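Here are the chains, one letter per residue:
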2 protein chains.
Amino acid sequence: MKTLIVHAHPEPASLNSSLKDLAVTTLESAGHEVQVSDLYAMKWKATVDADDYGPAASPRLKVAADSGRAFETGTLTPDVLAEQEKLLWADTVILQFPLWWYTMPAILKGWVDRVFTYRFAYGVGEHSDVRYGERYGEGTLAGRRALLSVTVGGPQAHYAARGINGPLDDLLFPIHHGILFYPGFEILPPFVVHGTDRLTDEDYPDVAKAWRQRLLALDSTDPIPFRPQNFGDYEIPSLHLKDGLEPAGRTGFGLHVRG
Amino acid sequence: MKTLIVHAHPEPASLNSSLKDLAVTTLESAGHEVQVSDLYAMKWKATVDADDYGPAASPRLKVAADSGRAFETGTLTPDVLAEQEKLLWADTVILQFPLWWYTMPAILKGWVDRVFTYRFAYGVGEHSDVRYGERYGEGTLAGRRALLSVTVGGPQAHYAARGINGPLDDLLFPIHHGILFYPGFEILPPFVVHGTDRLTDEDYPDVAKAWRQRLLALDSTDPIPFRPQNFGDYEIPSLHLKDGLEPAGRTGFGLHVRG
């Protein structure tokens, strides 16, 4: 495997950084290649602006069009180009982050906003009566797999089906499906550590053991069966899920998972 | 009304900036007071790090604890303090942003990550057998109202109940409920402009008219009836919604809306 780990925590001695380090050593010891984008260590620029697109930036900035022109003319900034190259090098991508306000930290969202440009991650492929671009299961990153490794401060119960925060699978859906499945990744089930507000040093060996087991089993882990867009499940161009495909009673984000 | 508009688009001539400007003139013309946090114009620092907490930062940074200590000792940075003061001044908060990758842009997430500190927006109130802190309907910002004004590139159909992107209400739930209802805001239904990828200058007057109408009716708009945490709907401390409270067949995020 060739694995890219994108890491988003400011503290090198944090649980997130320990899990990142453990992933590097575990995968390398098993003979795999690993690259790490440690966004805080890289002082990653988190905000999209005209500086990202150089001469391709319109006088009146248009983020989608201008990012696509910069991508196609090779004028994206070196930091963004390097991340796109790492994504194309990797067969497996791990995003390591703490859940802050029910989603990823700003620095990681800024990695997505800047690296996932038009023509690279969206605006890919042609539209016709039977296809609506290459997205949701097709696209530039098809054939690769992505995995979230997430630390969650609160207890698991609060993220259960009836928990007040909402089910964790639903909170992660916009990342799994909207950010990663969209440009083509297959999505492996997340590795989640709950209750980190009260985690002690004594708890860490169990967490580390579970993470090592997940890492060493990545090759044989089945992805979440999100429905690909252009293979019959959706009407085109409304992109409504066709009637009757889902199990009785399923609604919301869960509609977009098969079986 | 005293309204704070938090604006997150890099282009002053964008649709988002026009909607922000229109909100200012509409509200001020109606006799209301308005403050604007134009995050790009302010060059808002988007990433949480030890610099945010000054002398309150631990040698091994702990974001929650250190942000709470900085809040309590008055050592947060001036930019964060100013935003907290604006939030306490306002009775109404509008977040104006484009939906990028199914959530807010990084710069706005970074406003949340940095401004919504421990002891200010979370970690507020005592825990007992009948209360689990002051959150979800109680808290520092209780008595205030928040509204998202969101532009969405894709067509409305893709965000419908069976649309491939997932229902927009569910995509916005982590912001409405997890970020804004959590520290006490009541949440007004969002103002959404769909299909902005294909919007033309000729479409703008209709959008502007609808936005003006919403703005002038804010005082009389009913909030989304999210369930408050400590008033009997949830078991404590599991914070599971008690059985039988929801309409038949409702699941997922929708459980946390009454009626």
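Residues numbered from 1 in each chain as written. Chains lettered and ligands numbered in written order. Predicted model: local features only at pLDDT ≥ 70, side-chain atom pairs only at ≥ 80, totals over all residues. Heavy atoms only, no water.

Undergrad: Outline the packing of aromatic side chains, supporting the account with residue identities and numerical values.
TA: Residue and element names in this part refer to chain A. Across all of its chains, the model carries 29 aromatic pairs over all chains by this definition. On the numbers, 5.4 Å between centres and 40° between planes, the contact of Phe181 with Phe226 is tilted. Of the two residues, Phe181 is situated in helix α5 (residues 168-181) and Phe226 in the segment after α6 (204-216); the sequence distance between them amounts to 45 residues. Note on accessibility: Phe181 and Phe226 belong to one class, buried. Over the ring of Trp44 we find Arg114, and its NZ or CZ is 4.8 Å from the ring centre. (Phe/Tyr/Trp six-rings, centres within 6.5 Å; stacked < 30°, edge-to-face > 60°. Helix = DSSP H or I, 4+ residues; strand = E, 2+ residues; numbered from the N terminus. Buried < 20%, exposed > 50% of the residue type's maximum accessible area, 1.4 Å probe, protein only. Lys NZ or Arg CZ within 6 Å of the ring centre and 35° of its normal.)

Undergrad: Talk me through unusual backbone geometry; I want residue IDs and the actual numbers.
TA: In this structure, the amide linkage connecting A:Ile236 to the following residue, A:Pro237, adopts the cis form with an omega of 10°. Tracing the backbone shows A:Pro237 in the segment after α6. Of note, the phi angle at B:Arg119 is positive, near 75°, even though the residue is not glycine. Following the sequence through the fold, B:Arg119 ends up in the loop between α4 (106-115) and β4 (145-151). Non-glycine residue B:Tyr136 carries a positive phi angle of around 50°. Relative to the elements of secondary structure, B:Tyr136 occurs in the loop between α4 and β4. According to the relative accessible area criterion, B:Tyr136 is buried, its value standing at 0%.

Undergrad: How would you explain the interface of chain A and chain B if you had to name every residue and give the values?
TA: In this complex, chain A contributes 65 residues to the contact, which on the side of chain B involves 65 residues. For the chain A and chain B pair, buried surface summed over both sides reaches about 5,200 Å², with 61% attributable to carbon and sulfur atoms. On the chain A side of the contact with chain B, A:Trp101, A:Arg162 and A:Ile164 bury the most area, a combined 20% of that side's loss. At the junction of chain A with chain B, the criterion picks out 4 salt bridges. In this structure, A:Glu246 and B:Arg162 form a salt bridge, with 2.8 Å as the shortest nitrogen-oxygen distance. Inspection of the region where chain A meets chain B yields 35 residue pairs in polar contact (both at pLDDT 80 or more). Every element with two or more residues in the side of chain A that touches chain B is listed here: α4 (106-115) and α5 of chain A. If you tally residues by element for the side of chain A that touches chain B, the top one is α5(A), at 7 residues. (Contact = heavy atoms within 4.5 Å. Buried area = accessible area lost by both parts, 1.4 Å probe. Salt bridge = Lys/Arg side-chain N within 4 Å of Asp/Glu carboxyl O. Polar contact = N/O pair within 3.5 Å; in protein donor to acceptor, adjacent residues only side chain to side chain.)

Undergrad: Account for the packing of helix α3 (residues 78-89) of chain A against α4(A), naming residues and giving values.
TA: All names here are of chain A. Look at α3 against α4: their axes get within 10 Å of each other, and the N-to-C directions meet at 90°. In terms of orientation, α3 and α4 fall into the roughly perpendicular class. In this structure, α3 uses Asp79, Val80, Glu83, Gln84 and Leu87 to contact α4, whose residues at the interface are Trp111, Arg114 and Val115. In terms of residue class, the contact of α3 with α4 is made up of 4 nonpolar, 1 polar and 3 charged. (Axes fitted to C-alpha atoms, helices over the stretch in contact; angles between N-to-C directions. Parallel < 35°, antiparallel > 145°, perpendicular 65-115°, else oblique. Nonpolar A, V, L, I, M, F, W, Y, C, P; charged D, E, K, R; others polar.)

Undergrad: Explain the pairing of strand β3 (residues 92-98) of chain A to me, and be specific about the residues and the numbers.
TA: Residues and elements named next belong to chain A. Burial analysis of β3 places 7 of its 7 residues in the buried class, the great majority of the element. Of the two faces of β3, both are covered, the one formed by Thr92, Ile94, Gln96 and Pro98 as well as the one formed by Val93, Leu95 and Phe97. Sheet topology places strand β1 (residues 2-7) next to β3; 5 bridges connect them, and they run parallel. Residue pairing for β3: Val6 is matched across the bridge by Leu95. As a crossover connection, the stretch from β3 through α4 into strand β4 (residues 145-151) is right-handed. (Pairing = 2+ DSSP bridges. Right-handed = clockwise from strand over helix to strand, strands pointing away.)

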